[in-house]
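Descriptive analysis of the structure
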Amino acid sequence: MRISKCVVMALLLVAKETNSFSTVSRPKPSMCSRSKGYTPLHMSLATSSNQAMKESSPSRDDISREWESGTLLEGGHVVDFGSVKASSKAEKALAEARVKMIQSMNAHTETSSVQATTMLGINDELIKEVGHEVGSFVNDAKTVQRCAAYLRSKAPAGTLETRAEVTDKSSMSSSSSERREFDDILDKAYEESGEVTGAFAKTFYLGTMLMPEEARRAIWAIYVWCRRTDEIVDAPRESDDEMLTDLSSWEMRLENLWKYGDVEDVLDLPLLDVRIKYPKLTIEPFVDMIRGMLMDVPELGQERYESFDELHLYCYRVAGTVGLMSMPIFGCANGYTEEVAK
């Protein structure tokens, strides 16, 4: 993803003028007090002096020309940050949590009762913002799984793999009344995804209303996945251990949905539908966003960026990934490929 140094510098200058970012150290919040309103210190750059920043800053004319032309004025190389697999403290902690979870799953054959009664990323704050319970319109887990099997049955050959140890029920026959029921469930799941989008991103939601229905619903599904990921990371907790456990479970769920078409709850159905309808949509930006969320966690993530490459990596993971998720939905202008756009 091309993220220009010139544009980033412009944002930093504006932030400096408006005191949006502070380079003065602030006490780190406890895990219990973490909230959406807190802006981490990590967005500040370590610079030798304000004078050095001023001298290296682009002029407003430079910025205007760059925005109009879309070129990189600094002549820097383009880095595919999607291929960057860092080994930060946060990522190591996530990997360790994943190993522990797999060991626990192997030791216990029954599904966790917590998993059966809660929906990851759907907490009281989200429900309050939306104004009603989310994902509760289907209480029967078997119905959700049958709906997922119905969606898998519509996937083109080779889109999804079939588990060797399980007979995939996506080949099962269903009556016309059942298919109508499954379509209604999917429509309702998309509708609630739109409600979540509208509750948390009102202006963005209005923009989606100008899109064709299929594309609009796909964007809602992607937004809800991002929203749930953010809620998992940002929820107030006593320690990071619980968050890392939930996040590693969330990542494995994503992998299983992409590979096998597995779902855990009714709000997974829209993303599975999008996965099937848009085969060019890859799992990479979703996985990279999880890494970006980890970079925000106090004590565990990164608080200062010593170089623009480090800052670019953060920008890619928390913002550029959204562009890559959306690109297969929006499509590219004539004469451009996904690789060129990336």
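Our subject is the structure listed above.
Overview of the structure. Note that the structure is predicted; figures quoted are calculated from it, not measured. (Residues numbered from 1 in each chain as written. Predicted model: local features only at pLDDT ≥ 70, side-chain atom pairs only at ≥ 80, totals over all residues. Heavy atoms only, no water.)

In an α-helix, one turn spans 3.6 residues; hence positions three or four apart end up facing the same way. Helix length check: helix α8 (residues 176-200), at 25 residues, gives a terminal C-alpha distance of 36 Å against a target of 36 Å (1.5 Å per residue), a fit within 8%. Every buried residue of α8 is listed here: F182, I185, L186, A189, Y190, E192, S193, G194, V196, T197, G198 and A199. Close packing links the buried residues of α8 with α6 (124-130), α7 (141-153), α9 (202-208), α10 (213-234) and α12 (268-277). (Helix = DSSP H or I, 4+ residues; strand = E, 2+ residues; numbered from the N terminus. Expected span 1.5 Å × (residues − 1). Buried < 20%, exposed > 50% of the residue type's maximum accessible area, 1.4 Å probe, protein only. Contact = heavy atoms within 4.5 Å.)

Let us now look at the packing of α10 against helix α13 (residues 284-294). Running from N to C, α10 and α13 point in directions that differ by 30 degrees, and their axes come no closer than 10 Å. In terms of orientation, α10 and α13 fall into the roughly parallel class. The handedness of the crossing between α10 and α13 comes out as right-handed. For the pair α10 and α13, contact is made by I222, W225, C226, T229, D230 and V233 and by F286, M289, I290 and M293, respectively. (Axes fitted to C-alpha atoms, helices over the stretch in contact; angles between N-to-C directions. Parallel < 35°, antiparallel > 145°, perpendicular 65-115°, else oblique. Left-handed = near helix turned anticlockwise from the far one by under 90°.)

In this section: the packing of aromatic side chains. Inspection of the entire model under this criterion finds seven aromatic pairs. Where Y150 meets F182, the ring centres are 5.5 Å apart and the plane angle is 40 degrees; that geometry is what we call tilted. Of the two residues, Y150 sits in helix α7 while F182 sits in helix α8, which places them 32 residues apart along the sequence. Each member of the pair Y150 and F182 is classed as buried. On the numbers, 4.9 Å between centres and 50 degrees between planes, the contact of W258 with F286 is tilted. Of this pair, W258 sits in helix α11 (residues 240-260) while F286 sits in helix α13, and the two are 28 residues apart along the sequence. Like F286, W258 is buried. Taken together, W225, W250, W258 and F286 form an aromatic cluster joined through their ring pairs. Over the face of the ring belonging to Y260 we find R163, whose NZ or CZ atom lies 4.0 Å from the ring centre. Sitting above the plane of the F200 ring, R227 keeps its charged end 4.4 Å from the centroid. (Phe/Tyr/Trp six-rings, centres within 6.5 Å; stacked < 30°, edge-to-face > 60°. Lys NZ or Arg CZ within 6 Å of the ring centre and 35° of its normal.)

What follows concerns the side chain of R291. Mapped onto the secondary structure, R291 falls in helix α13. In this structure R291 touches E91, L94, E251 and R317, once residues within four positions along its chain are discounted.

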